[in-house]
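Read off the chains here:
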Amino acid sequence: MYCYQCEQTTRKDGLLGCSQGPGNCGKTEETSDLQDLLIHALKGIAQYDKRARDLGAGDDEAAAFILYGMFTTLTNVNFNPSRFLHLLKQASEVRDRVKSGYERAAAAKGAEVETLSGPATWEIPTEPASLQAQAAIAGILTGADDVGEDVIGLRALVLYGAKGVAAYAYHALMLEQESGEVYAGIEDALDFLAGEPRDVDALVGKALGLGTLNLKVMEMLDAGNTGKFGTPEPSAARISHVPGKAILVSGHDLADLAALLQATAGTGINVYTHGEMLPAHSYPELKKHDHLVGNFGGAWQDQQKEFATFPGPILMTSNCIIEPAPSYKKSIFTAGPVGWPGLRHIENHDFSTLIKAAQAMPGFTDEPEKQEITIGFGREAVLGVADKVIEAVKSGAIKHFFLVGGCDGAVSGRNYYSDFVEQTPKDTVVMTLGCAKYRFNKMDHGDIGGIPRLLDIGQCNDSYSAVQIALALADAFECDVNDLPLSLIISWFEQKAAAVLLTLLSLGITGVRLGPTLPAFITPTVLQMLVDNFDIKANTEAADDIAFALAG
């Protein structure tokens with residue numbers, strides 16, 4: 001086992017990475033090894049399907065399997081070794097099918113069939129012990145003695161960026177948005193990694209290419225969400241509960257939430273959001289359901305404390321699960337790529353057992369004082385008052401914009417973001433997205449001429465909205481985005497954040513401040529390259545970083 005894909009990885013005595021189980025995320029050595037082997041198998045599928053796609057015979061079903069498989073290996077998504085054993089068996093079958101399809105397509109085109117090596121030819125064992133014994137062929141450090149830590153770190157950057165892109169593409173697929181271009185891009189990245197690249201410039205170029213691809217994926221996901229659920233609008237989201245039976249939905253998947261709202265209509269069961277599902281309360285087609293009553297709790301890292309007090313079943317969609325405490329383990333269900341040993345898993349939106357559990361559990365019996373927060377400041381809402389925003393900037397009423405957002409986490413240093421927002425001057429505006437907002441979204445930040453000082457843009461994937469807002473403002477002021485009075489203060493945690501960072505870099509956006517710590521897979525040499533080319537900055541002290549931004 002060796003893993004350093006997330007921000008909470010072990011950093012001790014000069015050593016970086018979780019090298020023995022359980023990792024800091026709770027992942028066992030067996031699960032970690034099986035995840036590495038699944039990625040190895042997915043590279044093999046990509047090797048064949050890339051070539052088949054080049055011949056006009058791509059297998060979109062196989063490409064969708066790659067998205068799902070990649071997603072299961074993200075931090076805090078799936079911890080169930082039996083699921084990975086099943087996925088590896090499926091991967092073997094999918095690869096054989098894609099290989100045959102490639103060979104048929106080559107014959108039909110009169111093209112020579114390439115003789116592939118590496119993951120494409122791996123004979124995937126069926127016995128768990130045999131699989132575990134082969135984990136060394138697939139680990140992220142494989143070949144480190146030969147190519148050195150800088151190349152290994154850049155390979156990791158490409159892989160983790162590809163994981164983030166695949167996860168967002170899977171979300172989009174659940175909303176009936178897919179693209180051959182996206183499938184081809186992800187397969188190309190995996191095929192590239194299967195060749196064990198060592199050229200630094202090629203690795204950097206591939207990483208930035210994934211950033212460009214991710215912008216398209218986030219655009220697709222935005223189109224899927226708004227197409228099905230309407231355009232987010234400024235809305236009051238209740239953060240106090242009401243009496244009645246209850247179900248809590250966490251993760252990111254709005255399609256799962258929509259299906260659950262339909263399934264529970266008329267049952268008398270209230271539905272609450274948690275974590276990154278908070279923005280659901282700003283989508284017209286979701287908030288029209290009267291039994292979507294509010295948001296319960298905060299970011300993912302507090303779920304063990306919060307879930308233990310929720311008097312109904314809990315549905316985890318897409319990601320952000322951590323080890324269920326005994327007090328609520330029997331009440332938690334998973335869906336999509338999420339998994340934990342011993343939990344009930346829901347397939348094909350069959351919520352019947354979840355609904356029965358809600359009816360059997362007590363629900364809330366009291367009604368505390370009503371509390372609300374305002375959300376829903378997507379690009380349409382912000383750009384709808386662009387004239388007021390522009391005038392406020394020109395008049396000096398708004399001196400600066402800060403985008404403070406991203407993924408939250410449990411380790412020390414995360415209070416930097418609440419300190420930062422608390423200390424921003426009253427003539428500045430803070431935009432936020434992702435679950436980092438829970439550090440400060442219940443504070444009263446006031447407004448500037450009727451423009452709220454805190455604008456909640458939405459989920460982490462709503463970085464697309466943030467980018468579009470920045471581009472529109474730059475156009476209005478006839479300048480480059482980097483010349484705007486705008487600072488990006490990004491809290492990263494896992495691989496979706498890596499994909500978003502690559503998107504920002506691919507757009508030429510410089511000066512991003514990244515924290516609370518820099519990725520462990522970014523070596524000093526690679527970090528210096530990022531500093532030289534993109535002016536990447538690490539967090540220091542909140543007050544000092546604010547002063548630096550305002551002096552720029």
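Parameters at a glance
Sequence order as written defines residue numbering, which begins from 1 separately in each chain. For a predicted model such as this one, the threshold for reporting local features is a pLDDT of at least 70, and the threshold for listing and counting side-chain atom pairs is 80 or more; totals across whole chains, interfaces and linings nevertheless cover every residue. Side-chain numbers come from the whole structure's heavy atoms, not from hydrogens or water. The definitions used throughout rest on a 1 Å grid laid over the protein atoms alone, on which a cavity is an enclosed set of points accommodating a 1.4 Å probe that cannot get out and a pocket is an open set flanked by protein within 12 Å on both sides along at least five of seven lines; lining residues are those having an atom within 4 Å of a point. Grid points are joined across faces, edges and corners, and a volume is the space filled by probe spheres set on the points. Labels follow the DSSP assignment, with helices taken as runs of H or I lasting at least four residues and strands as runs of E lasting at least two, numbered in each case from the N terminus. Nonpolar residues are Ala, Val, Leu, Ile, Met, Phe, Trp, Tyr, Cys and Pro. Charged residues are Asp, Glu, Lys and Arg, and all others, Gly as well, are polar. Categorising residues by exposure relies on relative accessible area from a 1.4 Å probe, with only protein chains included: less than 20% of the type maximum marks a residue as buried, more than 50% marks it as exposed, and the intermediate range marks it as partly exposed. Of all possible arcs, the one meant is that of the directions from the helix axis to the C-beta atoms. Note on contacts: a residue pair is in contact if any heavy atoms of the two residues lie within 4.5 Å.

If you walk through the whole model with that rule in mind, you get eleven cavities of 30 Å³ or more. Estimated volume of the largest cavity: approximately 220 Å³. As for the largest cavity, its lining consists of 22 residues, and the residues nearest its centre are Leu 403, Ser 463, Ile 490, Val 500 and Leu 504. Going through the elements one at a time, strand E11 (400–406), strand E12 (428–433), helix H16 (463–476), strand E16 (486–491) and helix H17 (495–506) are the ones with two or more residues in the lining of the largest cavity. The element best represented in the lining of the largest cavity is H17, accounting for five residues. Residue composition of the lining of the largest cavity, grouped by class: 18 nonpolar, three polar and one charged. Counted as a void, the second largest cavity has a volume near 140 Å³. Lining the second largest cavity are 15 residues; nearest its centre among them are Leu 157, Leu 501, Leu 514, Pro 519 and Ile 522.

Before going further, it helps to examine helix H18 (residues 524–534). Think of an α-helix as turning once every 3.6 residues; residues three or four places apart then point the same way. What H18 keeps buried is the set Val 526, Leu 530 and Phe 534. Within H18, the buried residues cover an arc of 45° as seen down the axis, which keeps them to one side. Exposed and oriented more than 90 degrees from the buried face of H18 are Pro 524, Thr 525 and Asp 532. Next to the buried residues of H18 lie helix H6 (149–174), helix H8 (200–229) and H17. The positive-phi residue at the C-terminal boundary of H18 is Asp 535, with phi of around 55°.

Without other data, these values stay purely geometric and don't point to any function.
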